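# Survey of secondary and tertiary structure
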Amino acid sequence: MRNVKRFLSLILTVAMTLGMVACGAAETASTDSAASTDSAKEAAAESSTPGSYDQVTYAYCTFNNIPTEEDLDVVEEAINEITREKIGAEITLMPIQIFEYSSKINLALQGGEKIDIFESLGDFGSYVSSDMCYDITDLIDTYAPGAKETVGDSWLDACKSNGVLYGIPTMKPIALTPMLIYRQDIADELGIDISKVNSIEDVTEVLEAVKAGKPDMIPLAAVQTGEIGLSTNYGEVDFLNDDRYKPIGVLVGDDLTVTDLYGTDHFRDLCKLVRGWYNNGLVMQDAATTNSAAAETMSSGNYFGYLAAYSYPEEDTAASLEAQVAGYDLGAKIIGDAYLSTSDINAITFMVASTTDVPEAALKFLDLTYTDEDIINLLIYGIEGRDYVKNADGSVSYPEGQDAATVPYTAQLSCGTLGNFFKMYQMGVANDASLEWELEQNKSAKTSPAMGFTFDSSNVKTQYTAVLNVISQYLPGLICGSLDPDTEIDKFIQALNDAGYQDILNEKQTQLDAWKAGK
Amino acid sequence: MEKTLVKSRKKRFSNLSLALIALPGVLYLIINNYIPMFGVFLAFKKYSLKKGIFGSDWAGFDNFKFLFKTKDAFIMTRNTVLYNVAFIIIGTIVAIAVAVMMCELGDKKRVKGFQALLLLPNLLSWVVIGFIVYAFLNADSGYLNNTVLRTLGINPVSWYATTGPWPAILIIVFLWKNMGYQSIVYMASISGIDKSIYEAAAIDGASKMKQIFKITLPLLKPTVITLVLMSIGRIFYSDFGLFYQVPQNSGALFNVTQTIDTYVYRGLMELNDVGMSAAAGLYQSFVGFVLVLIANFTVRKIDPDNALF
Amino acid sequence: MTESKAFNRVSTVILTVLVVLAMLPIVLIVVASFTAETTLIRDGYRFMPKELSLDAYYYMLKQGKIILRSYGVSFLVTFGGTAVSVLLTTMLAYPMARKAFKYRNLLAFFVFFTMLFNGGIVPSYIMWTRFFHIKDTIWALMIPNYLVSAFNVILVKNYFQNSIPDSLIEAAQLDGASEFQIFVKVMLPLAVPTVATISLFTGIAYWNDWTNGLYYVNNEKFYSIQQLLMKIMSNIQALRSNSNASLLGTGAVDLPSTSVRMAMAVIGILPIVIIYPFVQKYLVKGVIVGAVKG
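Keep in mind it's a predicted model, so treat the numbers as computed, not measured. (Residues numbered from 1 in each chain as written. Chains lettered and ligands numbered in written order. Predicted model: local features only at pLDDT ≥ 70, side-chain atom pairs only at ≥ 80, totals over all residues.)

### Quick notes on the overall build of chain C
Each helix and strand in chain C was counted, giving 14 helices and zero strands. Written out in order from the N terminus, the α and β elements of chain C read α-α-α-α-α-α-α-α-α-α-α-α-α-α. Taken over 294 residues, chain C has a buried fraction of 53%. Taking as baseline every contact in chain C between residues at least 6 positions apart, the subset at least 24 positions apart corresponds to 72%. (Helix = DSSP H or I, 4+ residues; strand = E, 2+ residues; numbered from the N terminus. Buried ≥ 20, exposed ≤ 12 C-beta atoms within 10 Å, placed from the backbone. Contact = placed C-beta atoms within 7 Å.)

Have a look at this one:
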């Protein structure tokens, strides 16, 4: 045993020394780049000598196949032809699959790899708190003025934390309008007048009519696991940076007091409404745990409709969803108003990595993705002729006999996640009137009074984990109707308080007040 | 004198060759396992990407707090340990039983078929297994509710909202996935037993059952002890897939399905906190380590040959 | 000898029941993979579905050569990795099993310790990508994590120690064999059952692994079959999940989801199911060979 102890300490020492050496090298790499941000300004100036361009690595998420090196190179070269001229930089494209995007970005940055631009996928706050984003407050005016103008100051506020600007949100239809998506053919058959449906309470009548007329159908399907659409119908609620499916401390309406959503009468009433649906067989029984998303369940033909929120006009939404539901005839009815809060806007934010050595060049390229039609279309669609063809009406489609899986390069499905949506060619459904409607929605949707406030959760991390677990336990059941609100809501609130819920609310209030005072 | 000198030189040479034979494996373990262990420090730091692993600020035990603070913490720990104990006991008994039965039946095609088929469930991923269980248990169209209970005239049960049957369900699923796999280890050991012992016992008139209990089982003791000791070391770990996918992440079941690993996952998914996940890992490792030391020490006292180290 | 026959009969019955129970869910999966998507959603999973369809498999075939290539990758990694792993593992276990070895307890502790403590993915990632440069190479799938598993080492050590009599080793030593020769000529031939066991375990581990690919491989050329299946599945889920509706443009895609998941499960285990019978004979071989005189 004595031998064991001696050996153990020897091993640990060796491991630690080797580890220190390893990390020392990693350290110098990242401290070098951090320290060189000042000297980068001089470097950027001097690298405009011909033949030496700034190298910018642009990591974006894709829902399509990742192209081969060769095919990607062609697209890169086409982009570089433009960027060398316009901004004196060369771009390396790094498409990453959506399902591994966040892990790969995290690992790559932590491992010291060169990534200059990346996007947040709903986790803006955590990227900021782990110091992964570069401070672009002072740089944006000089290097990305086009983007700044397109997106607008109030949206940019959503990407600030403590007054520091960390990223640029994507420019796309963001305002989510709650809608009822339903089977048009069944509604016509049963003579249901959908135009009377203007709120979530009105939906009850429709569901009952369907149940009466078609007893074998289940009227309402779940949108996704644990969600039948209630969370998009809370009304004017700002989730203050939390996941909309797990809110902790919210703002209701124009009031800047951080409120417990679950204690409000509004919430209780909504739960009772859904509970009624559940008891009367109007809603899918296993909504809280189902594996199938709405599109799947609707394809089975067994369900009438579901509640969700989309950012496109009614006809477009219905039309685009039809393909997903095995061709059934769908209709969409708006039942509420869109409400913009900070987390809606910064859901997809493009950021410059804190470890970058070319922040100016990175910003300049980012600017191009908002302002330059050629660049954005190269990114999304690839090379004209090889990866797509232009049609007479200005829209694009895949070349004859090809589709998304066979063309050498396409990121078409990322079209809502990169740069400026409104500058892209449209594939298929959308038309100009829709684009206008969407832009209008973006501008006119009601915005939360806390727009621009981001919450830093580091002081209440412990409470967060406990509270999140409590929420996972109760919330899906409550908002899908499988738990009885009369007994369970109180238990829920009690459990939340036990887990430190109030601490989080207090912390949010403190930060919110400070932010308000600083405005 | 000469003889002892030669002997000790031979011994040293023998030791050296043995050390050399072990060397490649040792090197790999150092590189793959020991060097990265310095990451354990992250459990005590507030990680910042810019400052890197060594530059980030120290956080003392802050990162560990979330593991203890609430009632949930007690529940998750209790669940983890109890399930593991159940798995160790029941799993071992079933695996040995299966292994004994298969070995006794001999080298027939049928036995080979059994073994191959029993192994299949182990090859499936937990996501798929979660779907299968869902296919049986879901309230709307599940096999159990729709077909079995309906023909029996019993009302459908909302399985994913009732906690009662779940410990049994999870143990059954665990056995289903693992009994084929675990029994292989025992089969390998049994096949290493000298057949002549059985022949001698048979000649002496011992029945099959007696042979199993007096010969096979005692000779399996070292394997069982080794496997149990290793399981004790991992007693604070749980198979994430089993406790997250199979109950379909249903909140209503948390009281009986929440383990340390699922709790950490659920809590940290939003926060993306490197320090806290490192702390959770360290907590699990450390407890397992202490328990194994104790267990190993005890085994050493009773049966020194079979201690792990 | 009737007791023996009775025992055999009972055993057969019990085993048959267990096997049938074990196989039922798998049969269900296979049937589900051939079931029409709409039937699956409407009626749930059934052993006798109303409507069969090959849609799920057509969808997979459309992915075409990607699937073939990733099968290839998986095979290469599994066989190559398992071979090297078995070698390293047995070499590590042998000294641990030799009672005469001065450092055997030390080694045992050294090996076992790795089962308990783990530095997390970040340090491993940094080390493998920055110092060994294995990112986006086939080595990234073979080397991290699976090449030597403490569990396997201990299993083999156990077998060496308990199932191979010391007398054989002593006999070889008297014949003047070196340790290495003893290892190769005495231990390995007699350890066939355990070598087969760890080959199987390691093979399964490699075949099912997708985390190595997730962390270290971005180039689809090197995707293993599991990583490919994960990708297809997650993309389908991402596109279907409405929380992503706000992320996407009007890119409508037609995806048969549930039956595809089942088809994927079938594709994922098919090769092992085919190969396993060949491996199996070595596992039970020991029953015949294991007899040792004296």
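### Concerning the overall build of chain A
The secondary structure content of chain A amounts to 19 helices and 17 strands. Scored against the burial criterion, the 519 residues of chain A give a buried share of 55%. Partitioning the intrachain contacts of chain A with sequence separation of at least 6 by distance along the chain shows that 78% fall at a separation of at least 24.

### Focus on the packing of helix H9 (residues 208-233) of chain B against helix H13 (residues 274-302) of chain B
Residue and element names in this part refer to chain B. Contact pair H9 / H13: the axes reach a minimum separation of 7 Å and the direction vectors enclose 155°. As summarised for this structure, H9 and H13 are arranged roughly antiparallel, according to the angle between their axes. Where H9 approaches H13, its residues Ile225, Leu229, Ile232 and Gly233 are matched on the opposing element by Gly288, Phe289, Leu291, Val292, Ala295, Asn296 and Val299. Partitioned by chemical class, the residues of the contact of H9 with H13 number eight nonpolar, three polar and no charged. (Axes fitted to C-alpha atoms, helices over the stretch in contact; angles between N-to-C directions. Parallel < 35°, antiparallel > 145°, perpendicular 65-115°, else oblique. Nonpolar A, V, L, I, M, F, W, Y, C, P; charged D, E, K, R; others polar.)

### Observations concerning helix H17 (residues 461-480) of chain A
All names here are of chain A. With 20 residues, H17 extends 28 Å between its outermost C-alpha atoms, agreeing within 8% with the 28 Å of an ideal straight helix rising 1.5 Å per residue. In the structure, H17 departs most strongly from a straight axis at Tyr474, where the bend amounts to approximately 35° and where the proline Pro476 lies between one and four residues downstream. A large share of H17 lies buried, amounting to 20 of its 20 residues. Count one or two residues on from H17 and you reach Gly481, which has phi positive near 85°. (Expected span 1.5 Å × (residues − 1). Bend = angle between axes of the 7 residues up to and from the residue.)

### What about the interface of chain B and chain C?
How big an interface is tends to be expressed through the accessible area that disappears when the partners come together. Contact residues are listed per partner, giving 72 residues for chain B and 84 residues for chain C. With 14 residues, helix H1 (residues 2-34) of chain B is the single largest residue contributor to the side of chain B that touches chain C. Each residue belonging to the side of chain B that touches chain C can be placed in one class, and the counts come to 42 nonpolar, 24 polar and six charged.

### Things to note about the pairing of strand S7 (residues 177-183) of chain A
Remember that side chains alternate between the two faces of the sheet whenever the strand is regular. Residue and element names in this part refer to chain A. Burial of S7 is extensive: seven of the seven residues sit out of reach of the surface. Because side chains alternate across S7, one face comprises the buried residues Thr177, Met179, Ile181 and Arg183, and the other comprises Pro178, Leu180 and Tyr182, equally buried. Looking at chain direction, S7 and strand S11 (residues 303-310) are connected through six bridges and run antiparallel. Bridge pairing links Thr177 to Tyr310 in S11. Judged from the five bridges that link them, S7 and strand S12 (residues 330-334) form a sheet pairing that is antiparallel. Bridge assignment links Ile181 to a residue of S12, and that residue is Ala332. (Pairing = 2+ DSSP bridges.)

### Observations concerning the sheet that holds S7(A)
All names here are of chain A. Taken together, the four strands give an open sheet; going across it, the order is S8-S11-S7-S12, and neighbouring strands pair in mixed fashion. Of all strands in the sheet, those bounded by a partner on one side alone are strand S8 (218-220) and S12. For this sheet, the mean angle separating the axes of adjacent strands, direction not counted, is 20°.

### Quick word on the environment of Ser472(A)
As for its position among the elements, Ser472(A) is in helix H17. Residues within four places of Ser472(A) in sequence aside, it is in contact with Gly251(B) and Arg266(B).

### A closer look at the confidence of the model for chain A
When pLDDT is averaged across chain A, the result is 80; 89% of the residues are at 70 or more. Segment residues 1-49 of chain A: pLDDT under 50, and 51 contacts once partners within four positions in sequence are set aside and those in other chains are kept. (pLDDT = per-residue confidence, 0-100.)

### Concerning the interface of chain A and chain B
Listed per partner, the contact involves 43 residues of chain A and 40 residues of chain B. Breaking the side of chain A that touches chain B down by element, the ones donating at least two residues are helix H1 (2-46), helix H3 (98-110) and H17 of chain A. Broken down by element, the side of chain A that touches chain B gets its largest block of residues, 12 residues, from H17(A). Among the residues making up the side of chain A that touches chain B, the classes are represented as 18 nonpolar, 18 polar and seven charged.

### Regarding the environment of Met298(A)
Structurally, the position occupied by Met298(A) is in helix H11 (residues 294-299). A sequence separation of 117 residues divides Met298(A) from Ile181(A), and the C-alpha atoms of the two residues are 9.9 Å apart.

### What about the packing of helix H8 (residues 150-163) of chain C against helix H11 (residues 192-208) of chain C?
Residue and element names in this part refer to chain C. Across the interface, H8 lies against H11 with an axial gap of 10 Å and an inter-helix angle of 170°. In terms of orientation, H8 lies roughly antiparallel with respect to H11. Counting all contacts with H8, which are made through Asn152, Leu155, Val156 and Tyr159, the residues of H11 involved are Thr194, Thr197, Ile198, Phe201 and Thr202. Split into classes, the residues belonging to the contact of H8 with H11 amount to five nonpolar, four polar and no charged.

### A closer look at the nonpolar core
Core analysis: the largest hydrophobic core is formed by 332 residues, its most contacted members being Ile228(A) and Val467(A). It is helix H7 (residues 166-191) of chain B that contributes the most residues to this core, 12 residues altogether. (Core = buried A, V, L, I, M, F, W, Y, C linked by C-beta atoms within 7 Å.)

### Overview of the confidence of the model for chain C
Residues and elements named next belong to chain C. Overall, the predicted model of chain C reaches an average pLDDT of 81, with 87% of residues at or above 70. Residue range residues 286-294 is modelled with pLDDT below 50. Its contacts to residues more than four positions away, or to other chains, number 17 contacts. We note a pTM of 0.80 for the whole complex and an ipTM of 0.84 for its interfaces.

### Focus on the environment of Ile335(A)
Mapped onto the elements of the fold, Ile335(A) is located in the loop between S12 and strand S13 (339-340). For Ile335(A), the contacting residues outside a window of four places in its chain are Pro178(A), Met179(A), Leu180(A), Val197(A), Asn198(A), Ser199(A), Ile200(A) and Val203(A).

### Regarding unusual backbone geometry
For residues besides glycine, phi is generally negative; the peptide bonds are generally trans as well. Look at Gln248(B): it is not a glycine, yet its phi comes out positive at around 50°. Take Gln248(B): it is sitting in the loop between helix H10 (240-244) and helix H11 (254-257). Look at His133(C): it is not a glycine, yet its phi comes out positive at around 50°. On the secondary structure map, His133(C) appears in the loop between helix H6 (121-131) and helix H7 (139-142).

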